Amino acid sequence: RRSSDLKSVELGTGVFIEPDGTANGVYSAVLTSKSLLGQTQQVTIDGKVLHGEVAPDGRIHFTGIATLNLGDGTPSLSGVPFSVSTTGESVTMAINSTALPAVQLASGNIIIK
């Protein structure tokens, strides 16, 4: 897929990162794009956050294992590694080491405490 095929991303997360780098929480993303046949397709990522860090510049990084549903009728894949980096205004994701383009926040908010 070309990155321009991505139409929207909906995110939901709640993560607690401990000083030792362990983390607990959930990460959910729905990526809406067009299939090769031109149909709307929604890829869903439902993840469990396992590790994280708060960088000195305020960025948050966390990783975990997810269930990935490609939205094309094939069975979901479990145990897929993912990583997320975020600021208060953008999110960058990688799924199974495939990096996706950074997403700028269009509505809602990202709160980093």
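Here the residue numbers are simple positions, counted from 1 along each chain's written sequence. For this predicted model, a pLDDT threshold of at least 70 governs which residues receive local features, and a threshold of 80 or more governs which side-chain atom pairs are given and counted, while totals over whole chains, interfaces and linings are taken from all residues. To get the side-chain values, all heavy atoms of the structure are used, and hydrogens and water are removed first.

Asker: Looking at this structure, how should I read the overall build of the protein?
Answerer: Counting from the N terminus, the helices are the DSSP runs of H or I reaching at least four residues and the strands are the DSSP runs of E reaching at least two. Scanning the protein for helices and strands turns up zero helices and eight strands. Relative accessibility decides the category of a residue: with a 1.4 Å probe and only protein chains considered, values under 20% of the type maximum give buried, values over 50% give exposed, and everything between is partly exposed. The proportion of buried residues among the 113 residues of the protein is 29%. Residues count as neighbours in contact if any of their non-hydrogen atoms are within 4.5 Å of one another. Considering only intrachain contacts with a sequence separation of at least 6, the fraction spanning at least 24 residues in the protein is 36%. When the accessible surface of the protein is summed, it comes to about 7200 Å², and 55% of that surface belongs to carbon and sulfur atoms. Accessibility throughout is a Shrake-Rupley quantity obtained with a 1.4 Å probe, and a residue counts as covered only by protein chains that appear here.

Asker: Would you mind showing me how to read the pairing of strand β5 (residues 77-86) here?
Answerer: Consecutive side chains along a regular strand alternate between the two faces of the sheet. Here, any two strands with at least 2 DSSP bridges between them count as paired. Here strand β4 (residues 60-69) runs beside β5; their pairing, made up of eight bridges, is antiparallel. Within β5, the residue paired with alanine 66 across the bridge is valine 80. Pairing of β5 with strand β6 (residues 90-95) involves five bridges; the strand directions are antiparallel. The partner of serine 85 across the bridge, within β6, is threonine 92. From the end of β5 to the start of β6, which pair antiparallel, there are three residues.

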